[in-house]
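Observations on the three-dimensional arrangement
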Amino acid sequence: MVQRRALWGLRLLRGVHDVVGHALALGEAAAGVRSHQGTGSSSVASRDATSVDSNETRLKDSKSSQGHGSWHTSTPIPPTADPTSPAALSEQIRSIMRLLPHSVVVCTSTHDQTPRAMTMSSFTSLTLSPTPLISFNIATPSRTLDAITQSGHFNIHIMSGDELGVQVADRFTRGNTDDVFDGLDYATTSGTDGAPLLRGEGVMYALRCRLLPDEPTGGVMRVRDHVIVVGEVVEMIPGSCGKEFGLAYADRKYRQVGRVISRD
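All of these numbers come straight from a predicted model, not from anything done at the bench.

Thresholds, definitions, all that
Residues numbered from 1 in each chain as written. Predicted model: local features only at pLDDT ≥ 70, side-chain atom pairs only at ≥ 80, totals over all residues. Heavy atoms only, no water. Phe/Tyr/Trp six-rings, centres within 6.5 Å; stacked < 30°, edge-to-face > 60°. Helix = DSSP H or I, 4+ residues; strand = E, 2+ residues; numbered from the N terminus. Buried < 20%, exposed > 50% of the residue type's maximum accessible area, 1.4 Å probe, protein only. Pairing = 2+ DSSP bridges. pLDDT = per-residue confidence, 0-100. Contact = heavy atoms within 4.5 Å. Polar contact = N/O pair within 3.5 Å; in protein donor to acceptor, adjacent residues only side chain to side chain. Core = buried A, V, L, I, M, F, W, Y, C linked by side-chain atoms within 4.5 Å. Arc of directions from axis to C-beta. Salt bridge = Lys/Arg side-chain N within 4 Å of Asp/Glu carboxyl O.

All right, on to the packing of aromatic side chains then. The tally for this structure, following the rule as stated, stands at five aromatic pairs. Here W71 and Y254 contribute two aromatic rings whose centre-to-centre distance is 5.4 Å and whose plane-to-plane angle is 85°, an arrangement assigned as edge-to-face. Separated by 183 residues along the polypeptide, W71 in the loop between α3 (59-66) and α4 (89-98) and Y254 in strand β14 (residues 253-255) bring together distant segments of the chain. Here W71 falls in the buried class, since its relative accessible area comes to 19%. Judged by centre distance (5.0 Å) and plane angle (55°), the rings of F181 and Y186 are tilted. Among the aromatic residues, ring-to-ring pairing joins W71, Y249 and Y254 into one connected group.

It is worth spelling out the environment of F136 at this point. Considering the arrangement of structural elements, one finds F136 in strand β6 (residues 133-139). Residue F136 is classed as buried on the basis of its relative accessible area of 0%.

All right, on to the sheet that holds β14 then. Across the sheet, three strands lie side by side as β2-β13-β14; this open sheet has antiparallel pairing. A strand with exactly one partner marks an edge of an open sheet, and here the two such strands are β2 (102-103) and β14. In this sheet, β14 lies alongside strand β13 (residues 248-250) in antiparallel orientation, the contact comprising three bridges. By the bridge assignment, A248 is partnered in β14 with R255.

What follows is about the confidence of the model for the protein chain. When pLDDT is averaged along the protein chain, the result is 79; 72% of the residues meet or exceed 70. Long-range and interchain partners of residues 49-67, a stretch whose pLDDT sits below 50, account for 165 contacts in this model, where long-range means more than four residues apart.

One can find R222 in strand β11 (residues 220-223). Excluding residues within four positions of it along the chain, R222 makes contact with T140 and V227. A polar atom in the side chain of R222 sits 3.4 Å from the side chain of T140.

Residues of helix α5 (residues 143-151) that are buried include every one of R143, T144, L145, A147 and I148, and no others. At the N-terminal end of α5, a side-chain oxygen is found 3.3 Å from the backbone nitrogen of T144, two or three residues along, and the residue is S142. Downstream of α5 by a residue or two, G152 has a phi angle that is positive, lying close to 80°.

Right, let's get into the nonpolar core. In this structure, C107, F136, I148, F154, I156 and V229 are the most contacted members of the largest nonpolar core, which totals 18 residues. When contributions to this core are tallied by element, the ones reaching two or more residues are β3 (105-111), β4 (114-120), β6, α5, β7 (153-159), β10 (203-211) and β12 (226-238). Apart from the residues within four sequence positions on either side, I156 is in contact with V105, V106, C107, M120, F123, F136, Y205, A206, L207 and C209.

Turning our attention to α4. Every buried residue of α4 is listed here: R94, S95, M97 and R98. Along the axis of α4, the buried residues cluster in a sector spanning 160°; they form a single face.

Residues apart from glycine generally show negative phi values, whereas peptide bonds are mostly found in trans. In this chain, S129 is followed by P130 through a cis amide linkage whose omega measures 5°. Secondary-structure assignment places P130 in the loop between β5 (124-127) and β6. For D112, which is not a glycine, the phi torsion comes out positive at approximately 50°. Note on placement: D112 falls in the loop between β3 and β4. Not every positive phi belongs to a glycine, and R252 is a case in point at roughly 65°. Following the sequence through the fold, R252 ends up in the loop between β13 and β14. Given the relative accessible area of 28%, R252 is considered partly exposed.

Our next topic: the pattern of salt bridges. Following the criterion strictly, the structure yields five salt bridges and no others. The partner of R208 in a salt bridge is E235, and the shortest N-O contact between them spans 2.9 Å. Taken as a pair, R208 in strand β10 and E235 in strand β12 lie far apart in primary sequence, 27 residues in all. Judged by its relative accessible area of 17%, R208 is buried. Residue classification places E235 among the partly exposed positions, given a relative accessible area of 33%. E232 is the salt-bridge partner of R210, the closest N and O atoms lying 2.8 Å from each other. In this pair, R210 is assigned in strand β10 and E232 in strand β12, connecting sequence segments 22 residues apart.

Okay, here's the thing in structure tokens:
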């Protein structure tokens, strides 16, 4: 039994590419800010603070420099992160992680009938068999995490890799404020979970998920100041599914997937 639990834990950790708390600035921003404040964001938002849920690469940094105006696509920009600069090991690792593109998704759930959401960049596929499992991590405290653990259900929204996808994703890096859903086209998914289902341009697909019920952790595993969440995908819901790649995030900026490196 001990061996089985250990193997399960290793398998779970292997599927999470950013346990270091780098969930991208998006993660933090999207989580919905700290649980007790309702605002905050650190990576792309894996924590739930006031401004987004703070916990992933530090979307917060790009947000402060870009403002909340309209978005546009620019020519390629070389990375600014320099892991060789003199710094603590944690900062060197942060710089290395900024050189790796991460997917950008928006996670929604509900807590006592109150919608919660966060943008994150730690989302990844864990396994496809016997049922599809996905995972991500959230910095604590987080209002979105509270909603997920209370309801046991959540939706993952795949953003389009363009300005429309960024407009939706960036909104949820500002935290779980009372008006964060104002003006958005969304519905409540069927069943008892009630997780908001975002619709309209910028949302390519949505995955309806439930917390993995497997013991011993029930789909959540605490790792220091983060919680790894494992969900079982129960339905795929098409959105404005175009033929582009999904939104990415690297070096504190949203990115589009571009060129292909092929064998001669």
